[in-house]
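Observations on the model geometry
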Amino acid sequence: MTAALDGGGAHGLDEELRKALEAILLVVEEPVSEVTLAQVLEASTEAVRETLVELREDWVDQGRGFVLREVAGGWRLYTDPGAAAYVERFVLHGKSGRLSQASLETLAIVAYLQPITRARISEIRGVEADGAVRSLVSRGLVEEVGREATAGQPLLYATTPSFLERLGLSDLSQLPGLPELSPGGPLPDEPAPGRYKSARREMDALGTEGDA
């Protein structure tokens, strides 16, 4: 079978290999690696990768409603971004599959500060995070990855490969950078006892001037 799938065909690649890859990509539920595909098809990894790259380019050129992406260490078919509105209308018709604001905030905290405990998430958000964490775990976006070496050994949470897959990322280094929120320069002096209220009024006044 190796010889059959490593031979030449259209565009210099074997048509049987193209057909086999297309069929597998239609049924996989998560990104599949080139090594796995090569082993299953008894083809070389180089031939598999070359064919995958060609398929990706061909489908883009043909304007198909799906695209082939290399994410999370493997390859998988996705709907074309240009058809997102139609897909969303179909999938979410009659129900809401969107994450709540609390879940989105919690997911962002986990993504950038992982591994992290629920207590730390709650501290950052200022509200209890148990419900949001459970929701994210049930959706397969967050998972338990161990325990913190502190009193009580609380559970640590991190994002899953499914999180990367859904965002179309290869790894966490591709997450967008956080904006710089800290003001420049040295910190102001601590107000003297009894001066906190007047300092607050001064800050409010500065904010009003800035709005003007």
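This report concerns the structure included in the present document. (Residues numbered from 1 in each chain as written. Predicted model: local features only at pLDDT ≥ 70, side-chain atom pairs only at ≥ 80, totals over all residues. Heavy atoms only, no water.)

With that settled, the discussion passes to the pairing of strand β5 (residues 155–159). Where burial is concerned, most of β5 is hidden: four out of the five residues are buried. Bridging between strand β3 (residues 116–117) and β5 involves two bridges; their strand directions are antiparallel. The partner of T117 across the bridge, within β5, is L156. When strand β4 (residues 142–147) meets β5, the two strands line up antiparallel, connected through five bridges. Paired with E143 across the strands is A158, a residue of β5. (Buried < 20%, exposed > 50% of the residue type's maximum accessible area, 1.4 Å probe, protein only. Helix = DSSP H or I, 4+ residues; strand = E, 2+ residues; numbered from the N terminus. Pairing = 2+ DSSP bridges.)

This brings us to the sheet that holds β5. The strands that make up a sheet pair up through hydrogen bonds in the backbone, lying either parallel or antiparallel. Reading across from one edge, β3-β5-β4 is the order of the three strands in this open sheet, with antiparallel pairing throughout. The open sheet is flanked by β3 and β4, the only strands paired with a single partner. Packed onto the sheet, helix α6 (residues 101–113) meets β3, β4 and β5 and runs at close to 95° relative to β5. (Contact = heavy atoms within 4.5 Å. Axes fitted to C-alpha atoms, helices over the stretch in contact; angles between N-to-C directions.)

Residue P115 is reached from Q114 by a cis peptide bond, and omega for that bond is -5°. Among the structural elements, P115 can be located in the loop between α6 and β3. At A72, a residue that is not glycine, the phi angle is positive and equals roughly 50°. Tracing the backbone shows A72 in the loop between β1 (66–71) and β2 (74–79). The class for A72 is partly exposed, based on a relative accessible area of 30%. Non-glycine residue Q153 carries a positive phi angle of around 45°. Structurally, Q153 can be placed in the loop between β4 and β5.

Let's shift gears to the nonpolar core. By size, the foremost hydrophobic cluster in this structure holds 18 residues, and its most contacted members are L21, L25, V48, L52 and L68. Only α2 (15–27), α3 (34–41), α4 (45–61) and β2 provide two or more residues apiece to this core. The biggest single contributor to this core is α4, with five residues. Other than its neighbours up to four places away in sequence, L68 contacts L25, L52, L55, R56, W59, W75, R76 and L77. (Core = buried A, V, L, I, M, F, W, Y, C linked by side-chain atoms within 4.5 Å.)

At a minimum axis distance of 9 Å, the contact between α3 and α4 shows a crossing angle of 115°. The angle between the axes of α3 and α4 places the two elements in the roughly perpendicular class. Between α3 and α4 lies a crossing of right-handed hand. Between α3, through E34, L37 and A38, and α4, the contact on the second element is made entirely by T45, V48, R49 and L52. (Parallel < 35°, antiparallel > 145°, perpendicular 65-115°, else oblique. Left-handed = near helix turned anticlockwise from the far one by under 90°.)

This paragraph deals with the environment of L25. Along the chain, the position of L25 falls in helix α2. The spacing of L25 and L68 is 43 residues in sequence and 8.8 Å in space, taken between C-alpha atoms.

Now for the packing of aromatic side chains. Summed over the entire model, instances satisfying the criterion amount to one aromatic pair. Positioned above the aromatic ring of Y78 is the side chain of R76, whose terminal nitrogen or guanidinium carbon lies 5.7 Å from the ring centre. (Phe/Tyr/Trp six-rings, centres within 6.5 Å; stacked < 30°, edge-to-face > 60°. Lys NZ or Arg CZ within 6 Å of the ring centre and 35° of its normal.)

To continue, consider the pattern of salt bridges. Applying the stated criterion across every chain, the model contains nine salt bridges. The partner of E165 in a salt bridge is R76, with the nearest N and O atoms 1.7 Å apart. One end of the pair, E165, is in helix α9 (residues 161–167); the other, R76, is in strand β2, with 89 residues separating them in the sequence. By relative accessible area, which is 8% here, E165 ends up buried. Close ionic contact of D130 with R118 constitutes a salt bridge, the shortest N to O distance being 3.7 Å. Of the two residues, D130 is situated in helix α8 (residues 130–138) and R118 in helix α7 (residues 118–125); the sequence distance between them amounts to 12 residues. Residue D130 is classed as partly exposed on the basis of its relative accessible area, which comes to 24%. Through salt bridges with shared partners, a single ionic network connects E15, R18, E54 and D58. (Salt bridge = Lys/Arg side-chain N within 4 Å of Asp/Glu carboxyl O.)

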